Amino acid sequence: MRFFFRSKQFKIILSTVLVLIVLSIICFFIGGRISPQADLLGTIAAPFRTAFTKISNGFSDFVSAYTEGNNIMIKNAELETEINELREKLSDYEEVTAQNEFYKNYLGIKDANPDFEFCPATLISRDKNDPYGSFVINKGLLDGVSASDPVITDAGLVGYVAEVGYKTAKVATILSPDITLGALDNRTNDSGIISGSLKLAEKGQTRFYNLARSCNVAVGDYVITSGEGIFPNGILVGTIQSIGNDEYNNSIFAAIKPFCDFENLREVMVITEFNGQGEFISVEVE
């Protein structure tokens, strides 16, 4: 409102009003002494009175409209503030709901594995140059995270902590050939080794190999960790998509589609402690 009073438009309106007021005063004195119908000056003053009345009414309407518009702008600003506050509350509610769902999904894993100690973490960046999908989380040594700690979601195995800093850590996924872990077919109990390859990583898959030719694995079977090395036993890995002969030896291998959705991964759990936890790589502080 204060900017309007300083504007050129307001100065023009004010000047016009002052001129009209002066003319009105002149007309008042003229009209007060001489009848407008009988006197020439009254006749001359009449149009000025009419014009002043119209302009005065118009100015009054303009001021009212401006004031009303200003009030509407203020109300709109207040409503916008209220809407933003409601949006913020809704966002907080959705975040709390998602966190509750996140923790609830891990309760079953914790109940089945009371020796597990968890550290929840959030993905904060991805390595775009890594074809195997490694990423960085917002937890590190100060949060109890160590190199070689397994990383999971409620759906299954993600990978392990490859490097760790004080407040961040880098996670290598099971799509990577840097990971080697013992695994079992959950239906037949046939054992093998899981390790990634570039060709399968491009399809979002990993390799289950060193399977005996006499094994009974089949497409659609679930594969779980066997508990050898740095990973606890019984963690879901994925489903068998295809089976073929290993070109390097007499064994067969299977392509596995992990249960973890790496592309949409946001929250993970680091298993910082479990019975029989082994060591795989040395701690590397950033």
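The structure under discussion appears in the preceding block.
The following refers to the structure shown. (Residues numbered from 1 in each chain as written. Predicted model: local features only at pLDDT ≥ 70, side-chain atom pairs only at ≥ 80, totals over all residues. Heavy atoms only, no water.)

### Quick word on the overall build of the protein chain
Helix and strand counts for the protein chain stand at four helices and twelve strands. Taking all 286 residues of the protein chain together, 34% fall into the buried category. Residue pairs in contact within the protein chain that sit at least 24 positions apart in sequence constitute 58% of those at least 6 positions apart. By element, 55% of the accessible surface of the protein chain is carried by carbon and sulfur atoms, the whole surface being about 17200 Å². (Helix = DSSP H or I, 4+ residues; strand = E, 2+ residues; numbered from the N terminus. Buried < 20%, exposed > 50% of the residue type's maximum accessible area, 1.4 Å probe, protein only. Contact = heavy atoms within 4.5 Å. Areas by Shrake-Rupley, 256 points an atom, 1.4 Å probe, with all protein chains shown as cover.)

### Re the pairing of strand E8 (residues 206-211)
Side-chain positions along a regular strand alternate between the two faces of the sheet. In this sheet, E8 lies alongside strand E7 (residues 191-195) in antiparallel orientation, the contact comprising three bridges. The residue of E8 that forms the bridge with Ser195 is Arg207. Alignment of E8 against strand E11 (residues 252-258), held across four bridges, turns out to be antiparallel. Across the sheet, the residue bridging to Arg207 is Ala255, located in E11. (Pairing = 2+ DSSP bridges.)

### Some details on the side chain of Asp149
Positionally, Asp149 belongs in the loop between strand E2 (135-137) and strand E3 (150-152). Although buried, Asp149 forms no salt bridge, and the nearest oppositely charged side chain, Lys139, lies 12 Å from it. Separated by 2.8 Å, the side chain of Asp149 and the backbone nitrogen of Ser146 make a polar contact. Beyond its immediate chain neighbours, meaning those up to four positions away, Asp149 contacts Gly144, Gly159, Tyr160, Val161, Val270, Ile271, Thr272 and Gln277. (Lys, Arg positive; Asp, Glu negative; His and termini not counted. Salt bridge = Lys/Arg side-chain N within 4 Å of Asp/Glu carboxyl O. Polar contact = N/O pair within 3.5 Å; in protein donor to acceptor, adjacent residues only side chain to side chain.)

### As for the packing of aromatic side chains
A ring pair, where both rings are aromatic, is described by two values, the distance of the centres and the angle of the planes. Tallying each qualifying case throughout the model produces three aromatic pairs. Plain terms: the ring middles of Phe116 and Phe274 are 6.2 Å apart, the flat faces sit at 70 degrees to each other, and that makes the pair edge-to-face. Linking Phe116 in the loop between helix H3 (40-112) and strand E1 (117-126) with Phe274 in the segment after strand E12 (267-273), this pair joins segments that are 158 residues apart in sequence. Among the aromatic residues, those joined into a ring-pair cluster are Phe116, Phe118 and Phe274. Over the ring of Tyr209 we find Arg207, and its NZ or CZ is 4.7 Å from the ring centre. It is Arg207 that lies over the ring of Phe253; its NZ or CZ is 5.1 Å from the centre. (Phe/Tyr/Trp six-rings, centres within 6.5 Å; stacked < 30°, edge-to-face > 60°. Lys NZ or Arg CZ within 6 Å of the ring centre and 35° of its normal.)

Read these as layout, nothing more, since geometry by itself doesn't imply function.
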